[in-house]
There are 2 protein chains.
Amino acid sequence: MARYTPPLRDMQFVLHELLEVETALEALPPHADTGRDVIDQVLAEGGRFCAEVLFPLNRSGDEEGCHYAGDGVVTTPKGFKEAWEQFKAGGWPTLTCDAEHGGQGLPMAVGIAFQEMMNSGNQAWAMYPGLTHGAYDCLHAHGTPEQKALYLPRLVSGEWTGTMCLTEPHCGTDLGLLRSKAEPQADGSYRITGSKIFISSGEHDLAENIVHLVLARLPDAPAGTRGISLFIVPKFVPNPDGTLGARNGVKCARIEEKMGIHANATCAMDLDGAVGWLVGEPNKGLQAMFVMMNAARIGVGMQSLGLTEVAYQNSLDYAKERLQMRSLTGPKAPDKPADPIIVHPDVRRMLLTQKAYAEGSRAFAYWTALQADIAQHHPDADARKDAEDMLALLTPVVKAFLTDNGFLAANLAMQVYGGHGYIREWGMEQYVRDARINMIYEGTNTIQSLDLLGRKVLGDNGAKLRKFGKLVAALIETEGTREDMAEFVNPLADLAGKVEKLTMEIGMKALGNADEAGAAAVDYLRVIGHLVLGYFWTRMARLALDRVDSGDPLYRSKLATARFYFARLFPETASLIRSARSGAASLMDIEVDLF
Amino acid sequence: MARYTPPLRDMQFVLHELLEVETALEALPPHADTGRDVIDQVLAEGGRFCAEVLFPLNRSGDEEGCHYAGDGVVTTPKGFKEAWEQFKAGGWPTLTCDAEHGGQGLPMAVGIAFQEMMNSGNQAWAMYPGLTHGAYDCLHAHGTPEQKALYLPRLVSGEWTGTMCLTEPHCGTDLGLLRSKAEPQADGSYRITGSKIFISSGEHDLAENIVHLVLARLPDAPAGTRGISLFIVPKFVPNPDGTLGARNGVKCARIEEKMGIHANATCAMDLDGAVGWLVGEPNKGLQAMFVMMNAARIGVGMQSLGLTEVAYQNSLDYAKERLQMRSLTGPKAPDKPADPIIVHPDVRRMLLTQKAYAEGSRAFAYWTALQADIAQHHPDADARKDAEDMLALLTPVVKAFLTDNGFLAANLAMQVYGGHGYIREWGMEQYVRDARINMIYEGTNTIQSLDLLGRKVLGDNGAKLRKFGKLVAALIETEGTREDMAEFVNPLADLAGKVEKLTMEIGMKALGNADEAGAAAVDYLRVIGHLVLGYFWTRMARLALDRVDSGDPLYRSKLATARFYFARLFPETASLIRSARSGAASLMDIEVDLF
């Protein structure tokens, strides 16, 4: 009944036509030979794996959930382990990993498309490799040569999986409060004791070993975030040759009952003198963890993009098939007892909202991934710096804007189904439940907005934002002379001007009162989200206009979707700006007792 | 851990101070003696029942759900039947029913407060009496004297419960397609055959009999909605003295697995030659059903208001207790390891959004209920007509605006909890799942918006809307001279002017193309929602300003919340109006194949 068809044509449009990744990658030595053939093959075969292996396990995994068998043992739903074996056999975990450690070395700009498709297929399943890749990134950046040699090849191959153990019962956002302790041992290892909660993929039966990356405090570490160190704590302590040694003192105490992502084990982990090894420098654990957090945040955006796409596809099918009422302008299917509901304007609004967010976000996110590749591999330092800045600026936007929109989109998909959307059978309510977590974990969307406005924008007096502004200005200048582009360029230029003023205004107010930034941040992030999406929809509209006569229906679809986006979604900025400008007083003047 | 405290003081503020219901009710003969004492007693005792009996069963009911035991037998979760017995013993089902049939005859303006509290306590449970009251309303309006004598006292007492059997697998919104058949019998009864789905409270173990109100077609009935008749189909056919006779041929085939409201049995019902009796005139069943649909739609609004209130209370508690990070303006609880999260501006935004929607909706909904009382009982025909018009105009707004906001509010409450909100344990994710259905059933929110814009506004060339506009204009004129009211009156006046223009504009465009109304309707309804809420927040602000020095902290709280509403929520209208004005083209020009 339900289906997932990998959106290969749209992915190709974004990668080959909009971003021209092959050209961009030519400048990056390790990726210079990534040809279109390779990319298209990864998309096609990866899409097949996600649609044929992961997607069929999505609903059954939600229904069954993970099982806690007692004594730290967790089993995943039926089929999950077999899918993991296929994943390994196909070489999929190695996709974007370093060739030095057994990876295929493909750029993130390609890997991100596979990430999207895994999440369209099965978000809960995709979290197991997702966390593993995060652990890979972190050790790749901060591990000693010995740690890398021991752990990376096994994380790359999918023999072992990884986790991030940050949260404790009394602290999630505020990691400065964390209490887990690490006692140094004579042999250079540490004994780690503490309680962690909300550890995704914390325990399971997919892999023979699990590599936990754990934040804990050394004795006499400074209080707060400057006294946190990072440790490798493997489930089984590996021997130097990689064979498994003793069971370590890190154990799953329970798995949480959650709203969604039932098939991913969210574990409470007890560490009781578990053996661990320091990663990076003492007391610099949070910085080391941030390496993996940026990628993880983009990964969460991809979870929501994946859900948006699959929810859209299914609600579109339903809207074409479900017969209910006649069109307001007269019967469109007079031979049938009623018209398909896609004739109704508001059903179209709900579908096009999903479509515009899916396609706009795809362009935005893939471009961001390309910035990550450039930041890592461009031979020119200035080019690297520019790309780093774009990545730093826009990572919180990918995370928060895409996940807010993903939840909105999943809800609209469900609404298209009417009462049937609320029933488990059709699968739509699962997307709503799964999408909901994405607004919370890896830093709530409020935290993302404070990161954007406080750290990334005001923190450097707008320098990074001005860099993105230059891209927008260049586009406006290039396209502003074309009459057929005015419907896109004019609102974009209008918003770009308003963003500049809004940023200045908030910055000035925040100098006098830091709460002014906190009060405006969430609205501000959505404004920036629309500036970015408006930029990409303008670029896509330009391509579509130029190619619309080619016969490929994609361009007509793109153009219509761009028009919808500017007509119906972009105007949200008018309210957001008003709300952002309204200041902190209406929030802060009310005494706590008057709530 | 979780709690529900009936918001008695705010209810009293709305009923006694804002609406001055005692004075209004003096004009209505059956309610002339409804004194403040009676009202306050109902609120206090009703609140106690909801908080002490219903609320403790809310989470356990969700966890356990209803059970289908096979052969049509459904049992409700543990404690539900006992709560129903207490409900009956306390006389609560009789509250607003006609004294002639055993009711207490209280006005809807009072009953609605009890409805709100039942839903704060337990939405799934409250649906059993909710549907029963709907069946009561329908038979009260359309039943023969014999039908009334037989059924009403038992529905009023809670001995029997009721349902609405409308939806069939192939038709929900489009009842014109329904296929269930009614064959007349020699004795004046009918034999009804068909399949119904999504029948809330369709089968259960709370009461000895269930009175189904079933839509079906007579032989040779005209096609479409003009060929639908309404029938009473009791689970057990009652003898004339009310004792139970034979088990009727109406049986629950299964209960649905749903996203939420697990403790309410959503039944697929098979009717196999079930005995029924016609209610009202042949082929006028839909009109008869509409009597109960208006009350049901307001009831759905009350479900969301109830959830908004209880979710707010709990997220407020959490925000006061959870310590995480320091205030951006320096420590507020220096003696603690971190500040309570209520110091953070965005947490306050999330809390105040819930609060402003809860309190604003309470004023709006209770006022609407008072209009229902006036429409039914005022001796003056013009007064009745005015109230009827307000009720007709604003019922879809109560339904859609309150349920959209209720879902938003439940999600914000959950977000305040961070990761803990996603875990079942804290109860917040249940509110999100429960609140979600309210946007769908009793007519999706899109259907409500078409009812508002198409039927209620454009259908009489804006006459009803102008009536409401006069109330707004009168308020603006009275309060517009007070400088301290300018911050409320000015935006309200601005929006009132814009609504007038917007309505004209859409009306003109819709004359040429009916899809223009369909394209604008959802945005339009939210604009009207804010006009109404802005009107009530302005009235409440005025009262609060006048009484703020009384020492009662309620007035300072009201004033702060009114300021928040106008600063942060009301500006949504700017975007809505732009989007509504953008026209149908961006929705309708795209061919189906290009989606």
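Residues numbered from 1 in each chain as written. Chains lettered and ligands numbered in written order. Predicted model: local features only at pLDDT ≥ 70, side-chain atom pairs only at ≥ 80, totals over all residues. Heavy atoms only, no water.

**Looking at the overall build of chain A**
Within chain A one finds 18 helices and 11 strands. Against the 2.2 N^0.38 benchmark of 25 Å for 595 residues, chain A shows a C-alpha radius of gyration of 24 Å, consistent with a compact globule. Dimensions along the principal axes, computed over C-alpha positions, put chain A at roughly 80 × 60 × 60 Å. Buried positions account for 64% of the 595 residues belonging to chain A. (Helix = DSSP H or I, 4+ residues; strand = E, 2+ residues; numbered from the N terminus. Rg over C-alpha atoms; globule rule 2.2 N^0.38 Å. Buried < 20%, exposed > 50% of the residue type's maximum accessible area, 1.4 Å probe, protein only.)

**Side note on the packing of helix H1 (residues 8-18) of chain A against helix H3 (residues 36-54) of chain A**
Residue and element names in this part refer to chain A. Their axes nearest at 11 Å, the elements H1 and H3 cross at an angle of 150°. Relative to H3, the element H1 is oriented roughly antiparallel. Here H1 runs over H3; the crossing is right-handed. Counted together, Leu8, Met11, Gln12, Leu15 and His16 of H1 and Arg36, Ile39, Asp40, Leu43 and Ala44 of H3 form the full contact between these two elements. (Axes fitted to C-alpha atoms, helices over the stretch in contact; angles between N-to-C directions. Parallel < 35°, antiparallel > 145°, perpendicular 65-115°, else oblique. Left-handed = near helix turned anticlockwise from the far one by under 90°. Contact = heavy atoms within 4.5 Å.)

**Regarding the relation of the copies chain A and chain B**
For the match of chain A to chain B, the screw axis carries a shift of 0.0 Å, the RMSD comes to 0.0 Å, and the turn is 180°. The symmetry that links the two subunits is that of a two-fold axis. If distances are taken from each C-alpha of chain A to the rotation axis, the shortest is found for A:Ser575, at 2.7 Å. Both copies contact each other with a shared surface, as 100% of the interface residues of chain A are interface residues in chain B too. (Least-squares fit on C-alpha atoms with pLDDT ≥ 70 in both.)

**Looking at the environment of B:Gly245**
Residues and elements named next belong to chain B. With respect to the helices, strands and loops of the structure, glycine 245 is situated in strand S9 (residues 244-247). C-alpha of glycine 245 to C-alpha of glutamine 430: the two residues are 185 residues apart in sequence and 40 Å apart in space. Excluding residues within four positions of it along the chain, glycine 245 makes contact with Phe236, Val237, Pro238 and Asn239.

**Comments concerning the packing of aromatic side chains**
Under the definition given, this model contains 53 aromatic pairs over all chains. Between A:Phe407 and B:Phe407, the aromatic rings sit 5.9 Å apart at their centres with planes inclined by 15°, giving stacked as the arrangement. One end of the pair, A:Phe407, is in helix H10 (residues 381-416); the other, B:Phe407, is in helix H10 (residues 381-416), on a second chain. For A:Phe407, a relative accessible area of 7% translates into the label buried. Plain terms: the ring middles of B:Phe364 and B:Phe536 are 6.3 Å apart, the flat faces sit at 25° to each other, and that makes the pair stacked. Here the residue B:Phe364 occupies a position in helix H9 (residues 345-377), and B:Phe536 occupies one in helix H16 (residues 515-547), the gap between them amounting to 172 residues. Cluster of aromatic residues (ring-pair linked, three or more members): A:Phe49, A:Trp84, A:Phe87, A:Trp92, A:Phe114 and A:Trp125. Across from the ring centre of A:Trp160, 5.5 Å away, lies the NZ or CZ of A:Arg154, which sits over that ring. (Phe/Tyr/Trp six-rings, centres within 6.5 Å; stacked < 30°, edge-to-face > 60°. Lys NZ or Arg CZ within 6 Å of the ring centre and 35° of its normal.)

**Looking at the pattern of salt bridges**
Evaluation of the coordinates by the stated rule reveals 84 salt bridges over all chains. For A:Lys88, the salt bridge goes to A:Glu85, with nearest N and O atoms at 3.6 Å. Of the two residues, A:Lys88 and A:Glu85 both sit in helix H5 (residues 80-89), 3 residues apart, roughly one turn of that helix. For A:Lys88, a relative accessible area of 25% puts it in the partly exposed group. Notably, a salt bridge pairs B:Asp389 with B:Lys467, separated by 2.6 Å at the nearest N-O pair. With B:Asp389 in helix H10 and B:Lys467 in helix H14 (residues 463-479), this pair connects stretches of sequence that are 78 residues apart. (Salt bridge = Lys/Arg side-chain N within 4 Å of Asp/Glu carboxyl O.)

**Comments concerning the interface of chain A and chain B**
Taken together, the 94 residues of chain A in the interface contact 94 residues of chain B. Regarding the contact of chain A and chain B, the summed buried area is about 8000 Å², with carbon and sulfur atoms giving 60% of it. Interface area lost by chain A to chain B is led by A:Tyr422, A:Arg568 and A:Phe595, which between them contribute 11%. One can count 6 salt bridges joining chain A with chain B. Between A:Asp523 and B:Arg568 there is a salt bridge, and its shortest N-O distance comes to 3.0 Å. Ranked by residue count, the leading element in the side of chain A that touches chain B is helix H16 (residues 553-569) of chain A, at 9 residues. (Buried area = accessible area lost by both parts, 1.4 Å probe.)

**Structural notes on the nonpolar core**
Ranked by internal contacts, the top residues of the largest apolar core, which has 413 residues, are A:Phe468, A:Tyr524, B:Tyr366, B:Phe468 and B:Tyr524. Those residues in contact with A:Phe468 that lie beyond four places of it in its chain are A:Trp367, A:Met390, A:Leu393, A:Leu394, A:Leu531, A:Val532 and A:Tyr535. (Core = buried A, V, L, I, M, F, W, Y, C linked by side-chain atoms within 4.5 Å.)

**Some details on the environment of A:Gly130**
Residue placement: A:Gly130 occurs in helix H6 (residues 108-142). Each C-alpha atom, one on A:Gly130 and one on A:Asn119, is 9.9 Å from the other, the two residues being 11 residues apart in sequence.

**Examining helix H8 (residues 285-321) of chain A**
Residues and elements named next belong to chain A. Between its terminal C-alpha atoms H8 stretches 54 Å, which fits the 54 Å expected from 37 residues at 1.5 Å a residue. Within H8, the axis deviates most sharply at valine 291, by approximately 30°. Along H8, 30 of the 37 residues are buried, which leaves the element largely enclosed by surrounding structure. (Expected span 1.5 Å × (residues − 1). Bend = angle between axes of the 7 residues up to and from the residue.)

**A closer look at unusual backbone geometry**
Positive phi is not limited to glycine here, since A:Glu442 has a value of about 55°. If you trace the backbone, A:Glu442 turns up in the loop between helix H11 (428-437) and helix H12 (445-457). Positive phi is not limited to glycine here, since B:Asp220 has a value of about 60°. Mapped onto the fold, B:Asp220 is located in the loop between strand S6 (209-216) and strand S7 (229-234).

**Quick word on the pairing of strand S3 (residues 160-165) of chain B**
Working note: regular strand, side chains alternate between the two faces of the sheet. Residue and element names in this part refer to chain B. The buried fraction of S3 amounts to 6 of the 6 residues, a majority that puts the element mostly inside the structure. Judged by which residues are buried, S3 turns out to be covered on both faces: Trp160, Gly162 and Met164 on one side and Thr161, Thr163 and Cys165 on the other are all buried. As judged from the 6 bridges shared by S3 and S6, these two strands associate in the parallel manner. Looking at the pairing, glycine 162 lines up with valine 211 of S6. (Pairing = 2+ DSSP bridges.)

**Considerations on helix H6 (residues 108-142) of chain B**
Residues and elements named next belong to chain B. For H6, with 35 residues, the first-to-last C-alpha span of 19 Å runs short of the 51 Å given by 1.5 Å per residue. The axis of H6 is deflected most strongly, by about 130°, at asparagine 122. For H6, the tally of buried residues reaches 27 of 35 residues, placing the bulk of the element in the interior.

**A closer look at the side chain of A:Arg433**
All names here are of chain A. In this fold, arginine 433 is placed in helix H11. By relative accessible area, arginine 433 is classed as buried at 2%. Within the structure, the side chain of arginine 433 is placed 2.8 Å from the side chain of aspartate 62, a separation counted as a polar contact. (Polar contact = N/O pair within 3.5 Å; in protein donor to acceptor, adjacent residues only side chain to side chain.)

**Things to note about the environment of B:Ile447**
Topologically, B:Ile447 is positioned in helix H13 (residues 445-457). Here the alpha-carbon distance between B:Ile447 and B:Arg59, two residues 388 residues apart in the chain, equals 31 Å.

**Here we look at the side chain of B:Arg362**
Residue and element names in this part refer to chain B. Here arginine 362 is to be found in helix H9. Residue classification places arginine 362 among the buried residues on the basis of a relative accessible area of 1%. At a separation of 2.8 Å, a polar atom in the side chain of arginine 362 contacts the side chain of glutamate 309. Beyond its immediate chain neighbours, meaning those up to four positions away, arginine 362 contacts Pro7, Asp10, Met11, Val14, Glu116, Leu305 and Glu309.

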